[in-house]
Structure formats: structure tokens, C-alpha cells
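Below, each chain spelled out in residue letters.
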Amino acid sequence: MNYKNQIAQDLHSVIGEHLSEQEIYQFIEVPKDSKHGDYAFPVFSLAKIFRKAPNQIAEDLINNIPTTNYEEITAVGGYINFFLRKELVSETVLETVLTQEEHYGDAEIGENRNVPIDMSSPNIAKPMSMGHLRSTVIGNSLSMILDKVGFNTIRINHIGDWGTQFGKLIVAYKKWGSEEAVKDNPIEELLKLYVQFHEEAEEDPELEVQGRLWFKKLEDADPEAVALWEWFKEESLKEFQQVYDILNITFDSTNGESFYNDKMDPIIEELENQSLLISDKGADIVDLSAYDLNPALIKKSDGATLYITRDLAAAEYRINNYDFAESLYVVGNEQSDHFKQLKAVLKEMGYDWSEDIKHIPFGLITSGGKKLSTRKGNVILLEEVLQQAIKETKGNIEEKNPELENKDEVARQVGVGAVVFHDLKNDRMNTFDFNIDEVIQFEGETGPYIQYTRSRCISMLKKAGWSMPEDVNHLSLNDVDSWEVIKALNNFPEKVVEAYNKYEPSVLAKYLIDLSQKFNKYYSKVKILDDDSQKEARLALVYSVSVVIKEGLRLLGIESPDMM
Ligand code: ARG
């Protein structure tokens, strides 16, 4: 229930046409201190209309507001404070969560329309770094959130498996590589070759020329180039898959850049037909000065295509195949110009669906204050971070709870939970310097803390022998200690919608910290298992918290072990 709506309605009935219900809604606040009510409405904006002192206005208004919905309404310091009826609210919340369980908070905003989400999208022949973790976990969470509000998401891993860099890699491999070394340690060896290429190319520019030549050969399906490329790709995908397995993340499509190699001609032709393609020193470009953007380079002078050429073909493929309501790209903020160009070119072509293309950027992770760079070998290996988190979790379990069943699986769920939550708890545009000790933490505002709060609920319910009551509509609580928890539970559906509107998983991450802290406070003050008339309602509250935490964590892509 959105009680703000009810308050806005009740206020509107006494304020009249001076303010619309929606305007009133915007003014309603949640007071920092609950002594000032659950919601408050500042009357200052009415002073001009009623020509009275604010508190007089507040006093006058509260005499006329219908009281049925509230325990108390007070006028203090120019605010009208509303105290909801705890019994009524708790009864509604508990009944709703108990009947809807994991569907609590579902919405129908999406009306089943399609939303492709471009996420993860690492580059082959390179290790998947912490940078790609962000795209993977933010994209994964957004797809859960959008599905929850009624969209049908399509998770696309747009693998970077095409482009000049593969020409360079082929040159490096042919010059300095060995089949055995690559077979033994594919990504490490390929990365070495790639780094070496760039070092040597600084001295010997001829290498760059050869690199471009070999990429051209690849685009023209030269058998030697294709065979090497396929081999590099296969080895890379195997390693990526290990990371996805640890994270427990799947995709609906892994059509990468190479998939569009034979699909770029139509869009290039269309650009030509519309006279949008301009020749510039032998290369083909689209002028975007009207958008205050650099020209989009569509084809190099040797005929080779570019990253944006493939993205144009991919965008067209997605509208044709998915008829999307919106099309999301979860990609680092440093690519924002690229996506502006992509949208601008499509707009120039007259496609109104270009408006529905949305770049969802996120902030950069640095290491030791420096930008991560595969080329310079400054990388953080995602798989190593995850493995270390899992190892430390396992150590904790051995120490504190050696009898636990499924130790390895729980260690994975909790270790991954720590890494993923650390990434999602801040606004996605936040930048941060990578610090492994900060990432792998179990106490404070962390994923494991939330998982632990839920496992505490589960063990309490077990101890009480709790099972779903047949009649769930007469469970109510009216004490102040449970009240904060009840209100937090009531907020969950609103938070889901807010996370969708802002494309911001951190809204839910912060919500879960808040809910867990409030519940733990409740737990430390109230004897939940005491045999008295409210026990059943208290246990229903505990169960509701466990349901909402599990569902909230699921929306972040984090699992919830029952015991840990
Ligand atoms: N492979 C690219 C990179 O690692 C990201 C691709 C993002 N998706 C896209 N459709 N451009 O930088």
C-alpha cells in the first residue's frame, strides 16, 4: 500500500483546488525522526493562499481531515504530521507478503514488452577484468528488476570478438607465439602477445600496418586468419564461462560482434541511399556536427568496418527481432560518446526507435589510482577476486560453523554475494579504487550481512516449528519496535519501481541494508519466540522479512543460503 497516496487524497479533500493531489503528493516527506509521524506535509506553500501563519493553517486543516485512517494527526512547526494506524498497516502488509510471497512487489509496467539488455560483453583473447564485472552484475540485476516490473528482457552478451585487435593478435602470434604455450595457458599467453605487440609497435610502425592487413583478411574470410581467430575465441569463451558459472549468470544470446560481419551491408547501403555517408580521405563517415559530436567513422579507407558499424547492424537486428520497448546497453561511462553517436546516426536515418536506445553507464574502477589497461598489463582478474572471496568465506565457515552442510556451495554463494553486493551498493556512476580487502568483507553494509540476517530468520522459524498459517488476514502488531520493520516491508514495491525508473540496483541494495538493520534492532529488543498472544504475528513478520530479503537479493543477482 502506498500510504502517501492516501494522505495526498485526504489532504486534497481539505485543501481544495489550491493544490492538485499530485502536487500535494510531491510535498509529502518522511520525517527523519519518527516522533514527527510516519509522514509529514509542510504547509508553507499555502501561506500565501490562506494568508495565515503556517501553524495556524496546519491547525485549521487537521480539524477537518478524516481521522479514520490515522492513529493521530498533529500540527507542529508548520508541518502536519500523520501517524498511521499500526494495526491496520501491519495487518495489510503481513497479509500481502504472506499471500504473494516472492511475487510481492511484482508490477505490470512492462506489459510484457521486450527489452534487450546488452551486458557483460568482454573481449576475447583478453582476461575478463573487474571492469566487465560491473557490466555483468549491473546488467544481470537490471534484467531481474525489469522482469519483475513486467518486461520481457533478453540478456545479450555482445562479445568483443571482431576488430583490428584480432589482426594484431594474429600478427603477434605468428611472429612470437607458440601453439603449445597458448594451449597450456590460453588467455595469459594471448594477453602477453597482445602487450608485446603494442610495445614493439612503438618502435616498428610497420607492425600496425600488418595488423590491419590481417584483420582485413579475417573480414574477407581468409582460412588461416579464420582458423586462428576461431581457436582464440573458443579458448576465451571457455574461460569466460568459468566466471559466469561462479556468478551463476546465464545469457539468452551470445551473438558477439562477429555475428554482424555479414549483416552490415544493408545498413551501409541505406546510409548511402540517404546520402548520409560522406567520403573523407578515402574513409566513409557520417557527419554529426549538428549533434555536437565527432563524425562517426563507418568504414576505413581499406574497407574495414568498425565497432560502431557493428553496433549499427546490431541495433537494427534487435529492433527487427525483438521489436523492443527499449534497448539497454550496460557499458562503462567512458563509452558514452560512442552511444551518443550510435543514437545520432540512427536518428539521422529517420528511425524513431533510436529514442528507445539507452546507454546505462557506470563509473570506472581504478587500481592504485590508475586506469586499468589490458594493453599495459594493469589488470585485476575477476576470476581471482571471486576465488579469493570464496576461499576466505570457506575459511570463516570452517572456523565458526564447521558442521554446516554444503560448505562449498554456501562459500560460493556468500563469497560471490560479497563481491556483487560491494559493486551494487553504490550508485552505479560512482567510481572507486579497487581494494580487495574492502570488496571481500562480511560485516557492516555487506551482502553477507544481509544473507546472514535472513538465515537468522530461517533458523528462528525452524526453532518455532513455523508453517504458513491457514488464515493470514488477522495478524497484526501495534508495538513501536515492529513498526519500523513493518514500514520497511511496506516500502519494498515502491523501491522496486524506483530501481527500475532510475535503472539503479543500488536503490534495492540500500533498501536491503536498511531493512536488515531495522530487523536486527527489532530482534535484539523483542523476544520473538515468547509464548504470548502476538507470537504468531511476530513470526509472520520474521517470515515476511525472510521473503523480502530473498527476493531483494535475487533482484541483485545474489543467492540466499538458508544456513550459513
Ligand atoms: N566489448 C566492449 C568492451 O569491452 C563492450 C561492448 C558493449 N556493447 C556494445 N554493443 N557496444 O569495451
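Structural data are supplied above this passage.
Residues numbered from 1 in each chain as written. Predicted model: local features only at pLDDT ≥ 70, side-chain atom pairs only at ≥ 80, totals over all residues. Heavy atoms only, no water.

A few words now on the site of the ligand. Lining the immediate surroundings of the ligand are Asp-118, Ser-121, Asn-123, His-132, His-158, Tyr-307, Asp-311, Tyr-329, Val-331, Gln-335 and Phe-339. Residue His-132 places a side-chain N or O atom 2.9 Å away from an oxygen atom belonging to the ligand. Between the ligand and Asp-311, the relevant distance is 2.7 Å, taken from a nitrogen atom to a side-chain nitrogen or oxygen of the residue. Contact with the protein chains hides 89% of the accessible area of the ligand, taken as 350 Å² for the molecule alone. A class-by-class count of the residues in the shell around the ligand yields 4 nonpolar, 5 polar and 2 charged. (Near = heavy atom within 4 Å. Polar contact = N/O pair within 3.5 Å; in protein donor to acceptor, adjacent residues only side chain to side chain. Areas by Shrake-Rupley, 256 points an atom, 1.4 Å probe, with all protein chains shown as cover. Nonpolar A, V, L, I, M, F, W, Y, C, P; charged D, E, K, R; others polar.)

This part takes up the sheet that holds strand S6 (residues 277-280). Sheet strands pair via backbone hydrogen bonds, and the direction of the pair is either parallel or antiparallel. Within the open sheet, the 3 strands sit side by side as S6-S7-S8. Their pairing is antiparallel. Single-partner strands in this sheet number two, and they are S6 and strand S8 (296-299). Between one strand axis and the next, the sheet turns through 45 degrees on average, direction left out of account. (Pairing = 2+ DSSP bridges. Helix = DSSP H or I, 4+ residues; strand = E, 2+ residues; numbered from the N terminus. Axes fitted to C-alpha atoms, helices over the stretch in contact; angles between N-to-C directions.)

It is worth spelling out the pairing of strand S1 (residues 39-42) at this point. Burial along S1 is two-sided: Tyr-39 and Phe-41 facing one way and Ala-40 and Pro-42 facing the other are all buried. The pairing of S1 with strand S3 (residues 79-84) spans 4 bridges and is classified as antiparallel. Across the sheet, residue Pro-42 finds its bridge partner in S3, namely Tyr-79. (Buried < 20%, exposed > 50% of the residue type's maximum accessible area, 1.4 Å probe, protein only.)

What follows deals with the pattern of salt bridges. Using the criterion set out here, one finds 35 salt bridges in the structure. The partner of Asp-60 in a salt bridge is Lys-52, with the nearest N and O atoms 2.6 Å apart. By relative accessible area, Asp-60 is classed as partly exposed at 25%. Taking the shortest distance from any N to any O, the salt bridge between Lys-510 and Asp-427 comes out at 2.8 Å. Here the residue Lys-510 occupies a position in helix H20 (residues 506-525), and Asp-427 occupies one in the loop between helix H16 (407-424) and strand S13 (432-433), the gap between them amounting to 83 residues. Salt bridges linked by common partners bring Asp-106, Lys-148, Glu-551 and Arg-554 together as one network. (Salt bridge = Lys/Arg side-chain N within 4 Å of Asp/Glu carboxyl O.)

This brings us to helix H14 (residues 336-348). An ideal rise of 1.5 Å per residue puts 18 Å on 13 residues; H14 measures up with 18 Å between its terminal C-alpha atoms. Among the residues of H14, His-338, Phe-339, Gln-341, Leu-342, Ala-344, Val-345 and Leu-346 are the ones counted as buried. Buried residues along H14 sit against helix H12 (265-273), strand S7 (283-286), S8, helix H13 (307-322), strand S9 (327-330) and strand S10 (357-360). (Expected span 1.5 Å × (residues − 1). Contact = heavy atoms within 4.5 Å.)

Turning next to the packing of aromatic side chains. The tally for this structure, following the rule as stated, stands at 22 aromatic pairs. Ring centres of Phe-259 and Tyr-317 lie 5.2 Å apart, and the angle between their planes is 85 degrees; on these two criteria the pair is classed as edge-to-face. Residue Phe-259 is found in the loop between helix H11 (223-247) and H12, and its partner Tyr-317 is found in helix H13; the two are separated by 58 residues along the sequence. Judged by its relative accessible area of 25%, Phe-259 is partly exposed. With 5.9 Å between their ring centres and 75 degrees between their planes, Tyr-500 and Tyr-503 make a pair best called edge-to-face. Like Tyr-500, the residue Tyr-503 is buried in the burial classification. An aromatic cluster of three or more residues is present, and its members are Tyr-104, Phe-492 and Tyr-511. Its end group placed over the ring of Trp-483, Lys-86 keeps NZ or CZ at 5.7 Å from the ring centre. Looking at Lys-263, its charged tip hangs above the ring of Phe-259, at a distance of 3.9 Å from the centre. (Phe/Tyr/Trp six-rings, centres within 6.5 Å; stacked < 30°, edge-to-face > 60°. Lys NZ or Arg CZ within 6 Å of the ring centre and 35° of its normal.)

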